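Residue strings, one per chain:
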Amino acid sequence: MDKSTQTSGSKDELHIFGRPWTYQVERLGPIAAVIIFGAVVGIIEPRFLSARNVINVLYQAATYIILAVGMTFVITGAGIDISIGSMLALTGILMVFTIEYTPIPPWLGIWVAPLSGMVLGLLNGLFITKLKVPDFIATIATMIGYRGVVLIMAGGVVHYRFPAAVRFLGAYRLFGLIPISILVAFAIGALGYYVYNNTYFGRYTAALGGNRESAILAGIEVDKYKILTYVFMGFLAGVAALVTIGRLDAFHATYGEFMEIDTIAAVIIGGTALFGGYGRVWGSVFGALLMSMVVNGAVLLGFPYFYQYVLVGIVILVAVSIYTFLGTRRTT
Amino acid sequence: MNNNDAPFLKMKGIVKRFGALTAVDNVDLAVDRGEVLALVGENAAGKSTLIKVLTGVYQADQGEIFIEGDKVEINNRKDSQKFGIEAVYQDLALVPQLDVPGNLFLGKEPPKKILGGLFKVIDNKKLEEQTRDILKDNLNMEIENFNDPVINHSGGQQQSIAIGRALASECDLIVMDEPTASLGVEEIDMTFEIVRRLKQNNVAVIFISHNLEHVFEVCDKVLVMRMGERVGYMDIEDATRERLVSLMVHGRYEEEKSEKSVANKTV
Ligand SMILES: Nc1ncnc2c1ncn2[C@@H]1O[C@H](COP(=O)(O)OP(=O)(O)OP(=O)(O)O)[C@@H](O)[C@H]1O
Ligand SMILES: [Mg+2]
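Bear in mind that the values here come from a model prediction, so they are computed numbers and not experimental data.

The rules behind these values
- Residues numbered from 1 in each chain as written.
- Chains lettered and ligands numbered in written order.
- Predicted model: local features only at pLDDT ≥ 70, side-chain atom pairs only at ≥ 80, totals over all residues.
- Heavy atoms only, no water.
- Helix = DSSP H or I, 4+ residues; strand = E, 2+ residues; numbered from the N terminus.
- Contact = heavy atoms within 4.5 Å.
- pLDDT = per-residue confidence, 0-100.
- Buried area = accessible area lost by both parts, 1.4 Å probe.
- Salt bridge = Lys/Arg side-chain N within 4 Å of Asp/Glu carboxyl O.
- Polar contact = N/O pair within 3.5 Å; in protein donor to acceptor, adjacent residues only side chain to side chain.
- Nonpolar A, V, L, I, M, F, W, Y, C, P; charged D, E, K, R; others polar.
- Near = heavy atom within 4 Å.
- Areas by Shrake-Rupley, 256 points an atom, 1.4 Å probe, with all protein chains shown as cover.
- Pairing = 2+ DSSP bridges.
- Axes fitted to C-alpha atoms, helices over the stretch in contact; angles between N-to-C directions.
- Patch = residues over 30% accessible without salt bridge, like charges linked within 9 Å, V, L, I, M, F, W, Y side chains within 5 Å.
- Phe/Tyr/Trp six-rings, centres within 6.5 Å; stacked < 30°, edge-to-face > 60°.
- Buried < 20%, exposed > 50% of the residue type's maximum accessible area, 1.4 Å probe, protein only.
- Lys NZ or Arg CZ within 6 Å of the ring centre and 35° of its normal.
- Core = buried A, V, L, I, M, F, W, Y, C linked by side-chain atoms within 4.5 Å.

## Some words on the environment of Tyr230(A)
Residue and element names in this part refer to chain A.
Piece 1. If you trace the backbone, tyrosine 230 turns up in helix α11 (residues 222-248).
Piece 2. Placed 149 residues apart in sequence, tyrosine 230 and aspartate 81 show a C-alpha to C-alpha distance of 7.7 Å.
Piece 3. Ignoring any residue separated from it by four or fewer positions in sequence, one finds tyrosine 230 in contact with Val74, Gly79, Ile80, Asp81, Gly121, Asn124, Gly125, Ile128, Asp135 and Thr139.

## Brief notes about the confidence of the model for chain A
Residue and element names in this part refer to chain A.
Piece 1. With 95% of its residues at a pLDDT of 70 or more, chain A has an overall mean of 90.
Piece 2. Mean pLDDT per element in chain A: strand β2 (residues 19-20) is the minimum at 77, and helix α5 (residues 112-129) is the maximum at 98.
Piece 3. With pLDDT under 50 throughout, residues 1-10 is counted as low confidence; its partners more than four residues away or in other chains account for 31 contacts.

## Side note on the interface of chain A and chain B
When the parts come together, some accessible area is lost, and that loss is often what is quoted as the size of the interface.
Piece 1. Counting residues at the interface gives 39 residues for chain A and 44 residues for chain B.
Piece 2. Both faces considered, chain A and chain B share a buried interface measuring about 3,400 Å² in area, 51% of it formed by carbon and sulfur atoms.
Piece 3. Summed over the shared surface of chain A and chain B, the number is 0 salt bridges.
Piece 4. Inspection of the region where chain A meets chain B yields 14 residue pairs in polar contact (both at pLDDT 80 or more).
Piece 5. At the level of secondary structure, the elements contributing two or more residues to the side of chain A that touches chain B comprise β2, α8 (180-198), α9 (200-210), α10 (212-217) and α14 (307-331) of chain A.
Piece 6. Residue contributions to the side of chain A that touches chain B peak at 6 residues, all from α9(A).
Piece 7. Split into classes, the residues belonging to the side of chain A that touches chain B amount to 13 nonpolar, 19 polar and 7 charged.

## With respect to the site of ligand 1
Residues and elements named next belong to chain B.
Piece 1. Residues in contact with ligand 1 amount to 14 residues; listed here are only the nearest, Asn43, Lys47, Ser48, Thr49 and His210.
Piece 2. At 3.2 Å, a backbone N or O of alanine 45 approaches an oxygen atom of ligand 1.
Piece 3. Taken by itself ligand 1 offers 640 Å² of open surface, and the protein chains cover 66% of this.
Piece 4. Looking at the shell around ligand 1, the elements that each hand over two or more residues are β2 (21-31) and α1 (47-54).
Piece 5. In terms of residue count, the dominant contributor to the shell around ligand 1 is α1 (3 residues).
Piece 6. Grouping the amino acids of the shell around ligand 1 by side-chain chemistry returns 6 nonpolar, 6 polar and 2 charged.

## Details of the confidence of the model for chain B
Piece 1. Model confidence for chain B is summarised by a mean pLDDT of 87, while 93% of its residues fall at 70 or above.
Piece 2. Two summary scores accompany this predicted model of the complex, namely pTM at 0.87 and ipTM at 0.84.

## Let's talk about the sheet that holds strand β4 (residues 62-67) of chain B
Residue and element names in this part refer to chain B.
Piece 1. Taken in spatial order, the 4 strands line up as β2-β1-β4-β5 in an open sheet, and their pairing is antiparallel. Single-partner strands in this sheet number two, and they are β2 and β5 (70-72). Direction aside, neighbouring strands of the sheet carry axes that sit 30° apart on average.
Piece 2. Pairing of strand β1 (residues 9-18) with β4, which is carried by 5 bridges, proceeds in the antiparallel orientation. Of the residues in β4, the one forming a bridge with lysine 10 is phenylalanine 66.
Piece 3. Packed onto the sheet, α1 meets β1, β2 and β4 and runs at close to 115° relative to β1.

## Considering a nonpolar patch on the surface
Piece 1. Residues Val25(A), Tyr305(A), Phe306(A), Tyr309(A), Val310(A), Ile314(A), Val318(A) and Ile322(A) make up a contiguous nonpolar surface patch of about 810 Å² in total accessible area.
Piece 2. Assignment of secondary structure puts Ile314(A) in helix α14.

## Description of the packing of aromatic side chains
Residues and elements named next belong to chain A.
Piece 1. For the structure shown, the criterion picks out 17 aromatic pairs over all chains.
Piece 2. Between phenylalanine 168 and tyrosine 172, the aromatic rings sit 5.5 Å apart at their centres with planes inclined by 50°, giving tilted as the arrangement.
Piece 3. Judged by its relative accessible area of 42%, phenylalanine 168 is partly exposed.
Piece 4. Looking at tyrosine 172, the relative accessible area reads 33%, which means it is partly exposed.
Piece 5. A ring pair is formed by phenylalanine 251 and tyrosine 255, whose centres lie 5.4 Å apart and whose planes are at 55°; its orientation type is tilted. Residues phenylalanine 251 and tyrosine 255 agree in their burial class; the two are buried.
Piece 6. Within the aromatic cluster, the residues linked to one another by ring pairs are Phe73, Tyr196, Phe201 and Phe232.
Piece 7. Residue placement shows arginine 173 over the ring face of tyrosine 59; its charged tip is 5.2 Å from the ring centre.
Piece 8. We note arginine 247 situated over the ring of tyrosine 59; from NZ or CZ to the ring centre the distance is 5.6 Å.

## Concerning the sheet that holds strand β3 (residues 36-41) of chain B
Residue and element names in this part refer to chain B.
Piece 1. Read across the open sheet, the 6 strands follow the order β6-β9-β10-β3-β11-β12; overall the sheet is mixed. Looking at which strands have only one partner, the edges of the open sheet turn out to be β6 (85-88) and β12 (229-235). Recorded for the sheet is a direction-independent mean angle of 15° between the axes of neighbouring strands.

## With respect to the nonpolar core
Piece 1. Formed by 144 residues in total, the largest nonpolar core has its most connected members in Met95(A), Ile220(A), Phe251(A), Leu139(B), Met176(B), Val222(B) and Val224(B).
Piece 2. Per element, the largest residue contribution to this core is 14 residues, and it comes from helix α2 (residues 51-76) of chain A.
Piece 3. Setting aside chain neighbours within four positions, we find Val222(B) in contact with Leu37(B), Ala38(B), Val40(B), Val215(B), Gly232(B), Tyr233(B), Met234(B), Ile236(B), Ala239(B) and Leu244(B).

## Quick look at the side chain of His214(B)
Piece 1. Topologically, His214(B) is positioned in helix α7 (residues 212-218).
Piece 2. Non-local contacts of His214(B), meaning those with residues more than four positions away in its chain, are made with Thr180(B), Ile188(B), Phe192(B), Phe207(B) and Ser209(B).

## Quick look at the pattern of salt bridges
All names here are of chain A.
Piece 1. Applying the stated criterion across every chain yields a total of 16 salt bridges over all chains.
Piece 2. Close ionic contact of aspartate 135 with lysine 226 constitutes a salt bridge, the shortest N to O distance being 3.1 Å. Within this pair, whereas aspartate 135 is found in helix α6 (residues 135-154), its partner lysine 226 is found in helix α11, the two being separated by 91 residues in sequence. Pair check on accessibility: aspartate 135 and lysine 226 agree, each one buried.
Piece 3. Measuring nitrogen to oxygen at the nearest pair gives 4.0 Å for the salt bridge that ties aspartate 249 to arginine 167. Here aspartate 249 is found in the loop between α11 and β6 (250-251), whereas its partner arginine 167 is found in helix α7 (residues 164-171), with 82 residues between them in sequence.
Piece 4. Note on aspartate 249: relative accessible area 23%, which makes it partly exposed.

Right, here's the structure in full:
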């Protein structure tokens, strides 16, 4: 019986630390890109690596990191959430109204943002699973609908000067230096990584995104986990609202516009497969960071403002080309 | 009316239609613990459809299912799992991006409590241990690189993993739909080995195959399907190659005057 021992089919491929080299490149790619980009720009323009600028870049990135972690789960479950910017604004205005117009104390009122985000995400998930509207269409519809509610509620008025509880997450700095929002963003990254690898939610999200039929045959309640990805996304949109509103100490009805594009870009740069089944949480964190660095670096290097769009576009294309190349190798 | 003489599984008068097509037409089937029943028939005879009714993937339009003599409802995969029914599907039903442990125990990952029992998460360490055990003891498979996505593994290995999936849980009945289709000679022997061991352990097995050699190798009884209907049912001792082929192709066997009456004998 021993001589019939089978060996693993991917044995012939070069393995580094027990994993195929393509996997290692995928895994380390986003971090490497952050380091290399930082070094190159830092050499040309040393101000880029000054403590103040580094913190500034991280500060800018925090909102996108938080959103990208949630989007990683949605995309891994073969979904997409176009409504995140509108959810950010709607959870924000719901929180602002609660604090401004009700006797609820601010430290309690801020919870309205993440909690209402969960409800909005739940609605997205129900439209998709129960009404069977494709993810893309359903969340475009709610993107428009949620934004409409924001405009009805807030009008053109800017709300500002919020109590300390609202500003805490977005504006406060640990030891007067490191913004709390950065720490929160990385903590959410770490939590997301743990959840992806260790929880039933994470595993089953990957399974249903990878092969829905197989997941059903394995007895997995695919709709439940699909809905949960959107609820988690909504929750994080609410957290992102707190960070954004706190940082600017203001609210305007246009908050969050176009954020879905940047967030999806960060997730794709990070190595998550756009068609589901395979997510990279830390990749998304560094993808979001890289986008912030590109935008900030472009400004420091004196590129005219609109060039940053072109640069971000190039980064996305390069990243996707590399992953496609590695992915092709992976299946051969 | 639990009946000790009743076979583990009995399916009676199963009908499954897809629109105008009757994929399974009034089929009876029975299999007992420690028995290997072959299900043979040409392409599109309705074999896979019949077992998908059994595992709850499809709902029958007519017919009844009995487990140990009790009539049961199987409306989804969870129901069939509850009755100890596992299946190796023809299309394998793996998740290509998940690794070997992820696939072997998909839906059955060992749990671990964290934060003082507040949350239940996957015990990945135990999962890997269980994977090693299954691979070594049951599949005789070397365990190198089992954290690679299964799509990185060969077709034969994926098939072995799919078989391992069914073995990974305690069950009373295993359905294997074309388990040997993409296997090499050694892997086929391993599959026979597994079937024999299941039989010894008093598990009921339904073995679907196009390869009659394989049927003669491990099966105790044969049920022949043709165009959705059951056209033959016999002990393996009474089966010959010619008889089975004739039944599969023509639905009858010349030297047998009343095949139909044999087929309709209560099971
Ligand atoms: N989901 C479905 N929808 C419509 N028709 C189906 C479906 N599944 C199976 N059929 C049809 O039912 C008939 C029986 O198919 P089935 O897969 O059960 O055959 P089979 O005996 O398993 O064949 P094979 O040996 O090729 O696996 C075929 O004509 C097939 O096209
Ligand atoms: Mg079939």
